[in-house]
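Reading the structure
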Amino acid sequence: MSDEEKKEIVEPEVAPPSPPEPPPVVKKKKDKRLFIGLDCGTMNICCARNDADQIRITRNVFLPISDESVSMSELSNISYVKSEDGDVFIIGEDAFKFANIFGQAVSRPMEKGLISPKEISAIDVLTLIIRGLVGNIKDRDVYCAYSIPAEAIDETRSVVYHTRVFGRILGALGVNHRPVNEGAAIIYSECSKERFSGVGISFGAGMCNVAIMYKGVEVLKFSTSRSGDYVDNSVAESLSLIPNRVTSIKERRLDLAKGFMGEGDKKIRRVMEALEYYYSALINYTIKKVINEFDEKVDIEVDEKLPVIISGGTSMPNGFLELFKSTISQHDLPFGVSEVRQARNPLTAVANGLLVLTLADFSGTK
Amino acid sequence: MILIIKKAGFFLTLTGLKPFRTPAEVDIRRTDLNVLRLELKRYGITEYEIIGEPFSEVKPPKRKSQKNPLAEKVDAIYKMMQQMLGKEPTVEHHYHSAVQTLDRLIEEKFDEPDVEEFIPEIDVSDLKEVDLEYRIEEGEDVTDAAEELRKLKGDS
């Protein structure tokens, strides 16, 4: 074929077959709202989001150190905060590890269930812990219920300051917030099948929170200052030990079902014996307070049997539930008990319940 | 069973019932009486009737403490308002509510501080933060529980 002939060849002017028309895109309006349950505990802070199937937990502790005492390489893979003045705060679980290295005690933003006024850095550290746990909330309308203890019946400290500080932290992070009683949150989490009637008892580190609800209405709530720290401190005092040592033995070895007799080491056996004694005292004290408070403050007849739900980190040792059941059976309660059971996850029940309430209150609105 | 509230001037939102204004006669056959009584008490409504079961009328709250200066102030204000407005039921209702609240606070030994405790502004701009490490626990789908709670609260 000559060059001229080649030029004459013209491609036919037939349009290529067009691809099939894509279906019209219906833009689904993304829900900008995000719902959060935030459990602000003495030992752990726990965050549940409605758009995630996992709950985030971190230890509510920090360790202030000078940046001269530690190199940046040592801080790699460590959760820490650094100030412009050169102060370094190691936060969360890592604070415990470094506390042992430096032979220092960790600082706790909260003490006995409330924000500690002794720790001047507490509010800053809490803000950063909460910001980290809540995660990305950019361009979202965030609604959060956060836990607060009830007023204690055996102590005079008010929860007002504590409530307002957490409110201010969440406000600064751009989160709509409301405080909700910790004991009630357990019932929101665990008692939907009983139509939100029940007795929720949260054995935390700093306080024990109790709420009695009847069909979603709070009938009674209170807290006591005796819980996990009370047990540790009482054991430490009675055996002249450091509380940290007792906590360590408790977390690693305590089994209330097995008892202490099988422990070979005599010193540890003594600690475990004391732990059992004070656990039993704690449960007995709490049940007596439930009876007294109900008798004094509740003036309605509850004709249904109520479930008692046990939750919180202090209720985690094996055998706790059985010890509680056996103790409660020795008391004459002013209401019927249908069953005593443990929360499905005692560490996350409060955050879970707070999320239930936030969703119930806001997700139906637009 | 019917709840009768004769006093005018209340707007009530009670569990299991549509919001209503008083005076009103409301069908409460599907309402839990214990919850209803509790909620009416919280609203400060002490004078009502429930037809369908024996139910004695609740007396107005009695003062537990007459010596508290706050209680005396409320008494004085109430007397002044009574002179100005006569026996207006709404005023009486607010008075009863105030008395109940006051008594509760006195009972709980709650002392309102003269000055609220100082809370600093939240400012973490000077802090450089590294990613927070956290543990993960399995979450739950709470949609059904939330829906049940919403129904129970009567919002649906």
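Keep in mind that what you see is a predicted model, and the values were worked out from it rather than measured.

Thoughts on the overall build of chain A
In terms of regular secondary structure, chain A is built from ten helices and 15 strands. Sequence-distant contacts, at least 24 apart, represent 70% of the contacts inside chain A between residues at least 6 apart.

Focus on the overall build of chain B
Check the secondary structure of chain B and you find four helices and seven strands. Buried residues in chain B amount to 13% of all 156 residues. In chain B, 58% of the contacts between residues at least 6 apart in sequence involve partners at least 24 apart.

Some remarks on the sheet that holds strand S5 (residues 49-51) of chain B
Residue and element names in this part refer to chain B. Within the open sheet, the three strands sit side by side as S4-S1-S5. Their pairing is antiparallel. Across the chains shown, the open sheet's two edge strands, defined by having one partner strand only, are strand S4 (24-27) and S5. The average undirected angle you get between the axes of adjacent strands in this sheet is 20 degrees. Judged from the three bridges that link them, strand S1 (residues 2-5) and S5 form a sheet pairing that is antiparallel. Looking at the pairing, Leu3 lines up with Ile50 of S5.

Overview of helix H1 (residues 33-43) of chain B
Residues of H1(B) that are buried include every one of Val35(B), Leu36(B), Leu38(B) and Leu40(B), and no others. Check the buried side of H1(B) and you find it contacts strand S12 (208-214) and strand S13 (217-224) of chain A.

Describing the interface of chain B and chain A
Contact residues are listed per partner, giving 39 residues for chain B and 54 residues for chain A. Elements that contribute at least two residues to the side of chain B that touches chain A include exactly H1, strand S6 (127-129), strand S7 (135-138) and helix H4 (143-153) of chain B. Of the residues forming the side of chain B that touches chain A, the biggest block, eight residues, is contributed by H4(B).

Some thoughts on H4(B)
Of all the residues in H4(B), the buried ones are Ala145(B), Ala146(B), Leu149(B), Arg150(B) and Leu152(B). Buried positions in H4(B), seen along its axis, are confined to an arc of 160 degrees and lie on one side of it. Among the exposed residues of H4(B), those pointing more than 90 degrees away from its buried face are Thr143(B) and Asp144(B). Those residues of H4(B) that are buried lie in contact with helix H5 (182-190) and helix H10 (349-362) of chain A. Immediately downstream of H4(B), the backbone of Gly154(B) shows phi near 80 degrees, a positive value.

Remarks on the nonpolar core
Counting residues in each nonpolar core, the largest one holds 113 residues, and the members touching the most others are Cys47(A), Ile90(A), Ile91(A), Leu354(A) and Val356(A). Not counting residues up to four positions away in its chain, the partners in contact with Ile90(A) are Phe62(A), Leu63(A), Ile65(A), Ile78(A), Ser79(A), Tyr80(A), Ala95(A) and Phe98(A).

Regarding the packing of H5(A) against H10(A)
All names here are of chain A. Running from N to C, H5 and H10 point in directions that differ by 75 degrees, and their axes come no closer than 7 Å. As far as their axial angle goes, H10 and H5 are roughly perpendicular. Between H5 and H10, the residues in contact are Glu182, Ala185, Ile186, Ile187, Tyr188, Ser189 and Glu190 and Ala349, Val350, Asn352, Gly353, Leu354, Val356 and Leu357, respectively. Residues that form the contact of H5 with H10 fall into these classes: nine nonpolar, three polar and two charged.

Observations concerning the sheet that holds strand S15 (residues 337-342) of chain A
Residues and elements named next belong to chain A. Strand order in this open sheet of five strands is S13-S12-S11-S14-S15, and the pairing throughout is mixed. In this open sheet, the two edge strands, each paired with only one partner strand, are S13 and S15. Along the sheet, successive strands turn relative to each other by an average axial angle of 15 degrees, direction set aside. Direction of pairing for strand S11 (residues 198-203) relative to strand S14 (residues 306-311): parallel, over a ladder of four bridges. Opposite Ile201, over in S14, you have Ile310 as the bridge partner. Across the sheet, H5 lies against S11, S12, S13 and S14, angled at about 120 degrees from S11, the strand it touches most.

Some points on the confidence of the model for chain B
Residue and element names in this part refer to chain B. Confidence along chain B averages 72 in pLDDT terms, with 57% of residues attaining 70 or more. At the low end of the mean pLDDT range in chain B sits helix H3 (residues 89-107), at 65; at the high end sits H4, at 91. Between residues 53-63, whose pLDDT stays under 50, and residues either more than four places distant or in other chains, the model counts 16 contacts. Overall fold confidence (pTM) sits at 0.72, and the ipTM for the predicted complex is 0.80.

A few points about the environment of Ser223(A)
All names here are of chain A. Mapped onto the elements, Ser223 comes out in strand S13. Judged by the 30 C-beta atoms lying within 10 Å of it, Ser223 falls in the buried class. Sequence separation between Ser223 and Ile309 is 86 residues; the distance between their C-alpha atoms is 15 Å. Setting aside residues no more than four positions away along its own chain, Ser223 makes contact with Gly113, Pro149, Ala150, Glu151, Ala152, Met207, Cys208, Asn209 and Val210.

As for the packing of helix H8 (residues 266-297) of chain A against helix H9 (residues 320-328) of chain A
Angle between the axes and distance between the axes are the two parameters that describe a pair of packed helices. Residues and elements named next belong to chain A. It is at 10 Å that the axes of H8 and H9 come closest, and there the two elements cross at 50 degrees. Judged on the interaxial angle alone, H9 and H8 are oblique. The handedness of the crossing between H8 and H9 is right-handed. Taken together, the residues of H9 that come into contact with H8 (itself represented by Tyr279, Ser280, Ile283, Asn284 and Ile287) are Leu323, Phe324, Thr327 and Ile328.

What counts, and at which threshold
- Residues numbered from 1 in each chain as written.
- Chains lettered and ligands numbered in written order.
- Predicted model: local features only at pLDDT ≥ 70, side-chain atom pairs only at ≥ 80, totals over all residues.
- Helix = DSSP H or I, 4+ residues; strand = E, 2+ residues; numbered from the N terminus.
- Contact = placed C-beta atoms within 7 Å.
- Buried ≥ 20, exposed ≤ 12 C-beta atoms within 10 Å, placed from the backbone.
- Pairing = 2+ DSSP bridges.
- Axes fitted to C-alpha atoms, helices over the stretch in contact; angles between N-to-C directions.
- Arc of directions from axis to C-beta.
- Core = buried A, V, L, I, M, F, W, Y, C linked by C-beta atoms within 7 Å.
- Parallel < 35°, antiparallel > 145°, perpendicular 65-115°, else oblique.
- Nonpolar A, V, L, I, M, F, W, Y, C, P; charged D, E, K, R; others polar.
- pLDDT = per-residue confidence, 0-100.
- Left-handed = near helix turned anticlockwise from the far one by under 90°.

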